[in-house]
Amino acid sequence: MLNRTIDVAIGICGKARSGKSTAADMLQSILLQNYDVISAVIPLAEKLKQECSDATKIPLELFDDPAIKETLRPFMQWWGTEYRKNPLLGETHHQLYWVQKVAETFNSLPEDYTAIIVPDIRYDFEAEFIQNCDAKVKLILNLESMNFTSTSHSSHSSEAGVNSDLITHRIVNNHEDGLDVLKSQLGLLLETQLRGKV
């Protein structure tokens, strides 16, 4: 789906509130500072939030507001899965809808962007999108939180997790350890995987 060969493709999976977005931002920073690689962090949920906002007239910023986003989560899950991925609703409704949106966003960027980070991989076919990228290094990172507390929405299919066979690396994010520990783990991962390749 991507229109060019790139250096790095990273997908991050994990339960809600496990720190996926934080890890993606850290990876983006490390890639630029240590490897001079310009990366784009493109959440699958980016276009989802915009569509949900347009459909409901709820201001877009509320979908990221900690005080309300958990209330909106069930609707977003329904829109993203039961609605957008239902082929019975028309040709624009299919399994790869959100993956295509991510690819379109990346393809529109200047060619000096040579890495993509998708911080919210939830299904096997989304992980396979990363695996199928024409990239020198491809990682599917599972972020495990020792402090995760399930919510009433954790039974939704989008929270079931990615098949372990598709996961290339796992990192435990203990929030009590602080962000420096997480960043150190991510830095070590990139150092071992990118050495001699980028």
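In this text the structure is predicted, and so the values were computed from the model without any measurement.

Colleague: Kindly report on the overall build of the chain, identifying the contributing residues and their values.
Modeller: If you tally the helices and strands in the chain, you get six helices and five strands. Listing the helices and strands of the chain from first to last along the sequence gives β-α-β-α-α-α-β-α-β-β-α. Against the 2.2 N^0.38 benchmark of 16 Å for 198 residues, the chain shows a C-alpha radius of gyration of 17 Å, consistent with a compact globule. Across its three principal axes, the chain shows a C-alpha extent of roughly 45 × 40 × 35 Å. When burial is assessed residue by residue, the chain has 45% of its 198 residues classed as buried. At a minimum sequence separation of 6, the contacts of the chain that also span at least 24 residues come to 77%. Summed over its atoms, the accessible surface of the chain is roughly 10,100 Å², and 50% of this surface lies on carbon and sulfur atoms. Placing the 19 positive and 27 negative side-chain charges of the chain at their respective mean positions leaves the two points 1 Å apart.

Colleague: I'd like a rundown of unusual backbone geometry, residues and numbers included.
Modeller: You will see that D36, though not glycine, has its phi angle at about 55°, which is positive. Looking at where D36 falls in the secondary structure, it is placed in the loop between α1 (20-35) and β2 (38-41). Owing to a relative accessible area of 67%, D36 belongs among the exposed residues under this scheme. The phi angle at K57 is positive, at roughly 65°, despite the residue not being glycine. As for its position among the elements, K57 is in the loop between α2 (45-56) and α3 (69-83). On the basis of relative accessible area, K57 is assigned to the exposed category, the value being 71%.

Colleague: I'd like to hear about the packing of α2 against helix α4 (residues 97-107), residue by residue, with values.
Modeller: The N-to-C vectors of α2 and α4 enclose an angle of 110°; their axes lie 9 Å apart at closest approach. Compared by their axis directions, α2 and α4 come out roughly perpendicular. On the side of α2, the interface is formed by K47, L48 and E51, while α4 contributes Y97, W98, K101 and T105. Taken together, the residues that form the contact of α2 with α4 break down as three nonpolar, one polar and three charged.

Colleague: So what's going on with the state of the cysteines? Residues and values would help.
Modeller: With the rule as written, the count across this model stands at zero disulfides. Of all cysteine sulfurs in the structure, the one in C133 sits closest to C13, which takes part in no disulfide; the separation is 15 Å.

Colleague: Explain the pairing of strand β4 (residues 135-145) residue by residue, including any values.
Modeller: Extensive coverage of β4 is indicated by the burial of eight of its eleven residues. Strand direction decides the pairing type here: strand β1 (residues 6-13) and β4, joined by seven bridges, are parallel. Among the inter-strand pairings, V8 is bridged to a residue of β4, identified as V137. In this structure, β4 lies alongside strand β5 (residues 169-173), joined through five bridges in parallel fashion. Following the sheet pairing, S145 is matched in β5 by N173.

Colleague: Summarise helix α5 (residues 124-131); cite the residues concerned and give the values.
Modeller: Looking only at α5, the buried set comprises F125, E126, A127, F129 and I130. On the buried face of α5, the contacting elements are β1, α4, β3 (113-121) and β4.

Colleague: Describe the side chain of D7, listing the residues and the values that go with them.
Modeller: Mapped onto the elements, D7 comes out in strand β1. Judged by its relative accessible area of 15%, D7 is buried. When sequence neighbours within four positions are dropped, the list of residues in contact with D7 reads V37, T114, A135, K136, V137 and V198.

Cut-off values and rules
Residues numbered from 1 in each chain as written. Predicted model: local features only at pLDDT ≥ 70, side-chain atom pairs only at ≥ 80, totals over all residues. Heavy atoms only, no water. Helix = DSSP H or I, 4+ residues; strand = E, 2+ residues; numbered from the N terminus. Rg over C-alpha atoms; globule rule 2.2 N^0.38 Å. Buried < 20%, exposed > 50% of the residue type's maximum accessible area, 1.4 Å probe, protein only. Contact = heavy atoms within 4.5 Å. Areas by Shrake-Rupley, 256 points an atom, 1.4 Å probe, with all protein chains shown as cover. Lys, Arg positive; Asp, Glu negative; His and termini not counted. Charge placed at Lys NZ, Arg CZ, Asp CG, Glu CD. Axes fitted to C-alpha atoms, helices over the stretch in contact; angles between N-to-C directions. Parallel < 35°, antiparallel > 145°, perpendicular 65-115°, else oblique. Nonpolar A, V, L, I, M, F, W, Y, C, P; charged D, E, K, R; others polar. Disulfide = S-S within 2.5 Å. Pairing = 2+ DSSP bridges.

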